[in-house]
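For reference, the chains in residue letters:
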Amino acid sequence: MRARALSLAAKQQVAAMTAAAANPTAHLSKTLLNSGLRGTPQRELVYRVLLQTRDHPTADEVFARVRAKRPTISLATIYNCLDALEAHNLIRAFRFEGRSTRYCSNLEPHAHFRDKATGLTHDITLPPETLDALKKLLPANCAVDDIEITFHGRLASSHE
Ligand SMILES: [Zn+2]
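Quick notes on the rules
Residues numbered from 1 in each chain as written. Predicted model: local features only at pLDDT ≥ 70, side-chain atom pairs only at ≥ 80, totals over all residues. Helix = DSSP H or I, 4+ residues; strand = E, 2+ residues; numbered from the N terminus. Buried ≥ 20, exposed ≤ 12 C-beta atoms within 10 Å, placed from the backbone. Contact = placed C-beta atoms within 7 Å. Pairing = 2+ DSSP bridges. Expected span 1.5 Å × (residues − 1). Arc of directions from axis to C-beta. Axes fitted to C-alpha atoms, helices over the stretch in contact; angles between N-to-C directions. Parallel < 35°, antiparallel > 145°, perpendicular 65-115°, else oblique. Nonpolar A, V, L, I, M, F, W, Y, C, P; charged D, E, K, R; others polar. Core = buried A, V, L, I, M, F, W, Y, C linked by C-beta atoms within 7 Å.

1. Regarding the overall build of the protein
Across its full length, the protein holds 6 helices and 5 strands. Counting every position in the protein, which comprises 160 residues, the buried fraction comes to 14%. If you take every contact in the protein between residues at least 6 apart in sequence, the share linking residues at least 24 apart comes to 49%.

2. A closer look at the pairing of strand S3 (residues 110–115)
The pairing of S3 with strand S4 (residues 121–125) spans 5 bridges and is antiparallel. Its bridge partner being in S4, His-110 is matched across the sheet by Thr-125. When S3 meets strand S5 (residues 150–153), the two strands line up parallel, connected through 4 bridges. For Asp-115, the partnering residue across the bridge sits in S5 and is Gly-153.

3. Digging into helix H5 (residues 75–87)
Taking 1.5 Å per residue as the helical rise, H5 with its 13 residues ought to reach 18 Å, and the 18 Å between its terminal C-alpha atoms agrees with that figure. For H5, the set of buried residues is Ile-78, Cys-81, Leu-82, Ala-84 and Leu-85. The buried residues of H5 occupy one face: seen down the axis, they fall within an arc of 165°. Set apart from the buried face of H5 by more than 90 degrees, the exposed residues are Ala-76, Asp-83 and Ala-87. Of the surrounding secondary structure, the elements contacted by the buried residues of H5 are helix H3 (41–52), helix H4 (59–69) and strand S2 (102–104). Just beyond H5, the residue with positive phi is Asn-89, at close to 60°.

4. Concerning the packing of H3 against H5
Packing of H3 against H5 leaves a shortest axis separation of 9 Å and a crossing angle of 75°. Of the possible angle classes, the one that applies to H3 and H5 is roughly perpendicular. Here H3 contributes Gln-42, Arg-43, Val-46 and Tyr-47 to the contact with H5, which in turn contributes Thr-77, Ile-78, Cys-81, Leu-82, Ala-84 and Leu-85. Its residues assigned to classes, the contact of H3 with H5 shows 7 nonpolar, 2 polar and 1 charged.

5. Structural notes on H4
Three or more residues of H4 are buried, namely Val-62, Phe-63 and Val-66. Across the axial projection of H4, the buried residues extend over an arc of 105°, all falling on one side. Projecting away from the buried face of H4 at angles above 90 degrees are the exposed residues Asp-60 and Ala-68.

6. Section: the nonpolar core
Of all hydrophobic cores here, the largest spans 17 residues; its most connected members are Val-46, Leu-50, Val-62, Val-66, Ile-78, Leu-82 and Leu-85. Listing elements by their share of this core, those giving two or more residues are H3, H4 and H5. Apart from the residues within four sequence positions on either side, Val-66 is in contact with Leu-45, Val-46, Val-49, Ile-73 and Ile-78.

Following this line, the structure appears as C-alpha cells:
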C-alpha cells in the first residue's frame, strides 16, 4: 500500500514535469507580473493563446481562439488585453500593407517572411551581427529603438 502511494506520487511528479516541459506558458503569471502588468484571467488567456500558436494572428483570430475557451469574452476586451500586453512589451504588433494588425509573441530579434501564396507569416531569426551591420547603415546621430524587416515572397514548396 505504502509502495503504491509512493509510486503514485512519483508518477504525478513526472506528469507535472512533463507538463511543464511541454507547456511554455507554465510561468505565464510570473511573466505577466515581471512585466509590471497586472495579470487578469482575460490577459492571461489572451497571452496564452498568443504563446501557444505563434502564427501571428489578427485580433479577430485571437478573439475566435479565446472565445472557444471563454464564450462570454467580448472583442473589446480582446483589444484591451492586446493593447496592455503590447504596452508592456510582452507582444509585438505589426501590420503589412495596410492590412489588419497582427500580433507576435516572439520577443527575440527577428524579421518576418510573408508567404504571398499562403498568407502565412514566418519568423526569421536576426543574428546580433546582422542587427549591428544594419544599424551601421544609419548616420551616427540616429538612435535605434526597433527594427522592422519583412520579406515578401513565396516558399519554394508553395510554387507546386
Ligand atoms: Zn514574429
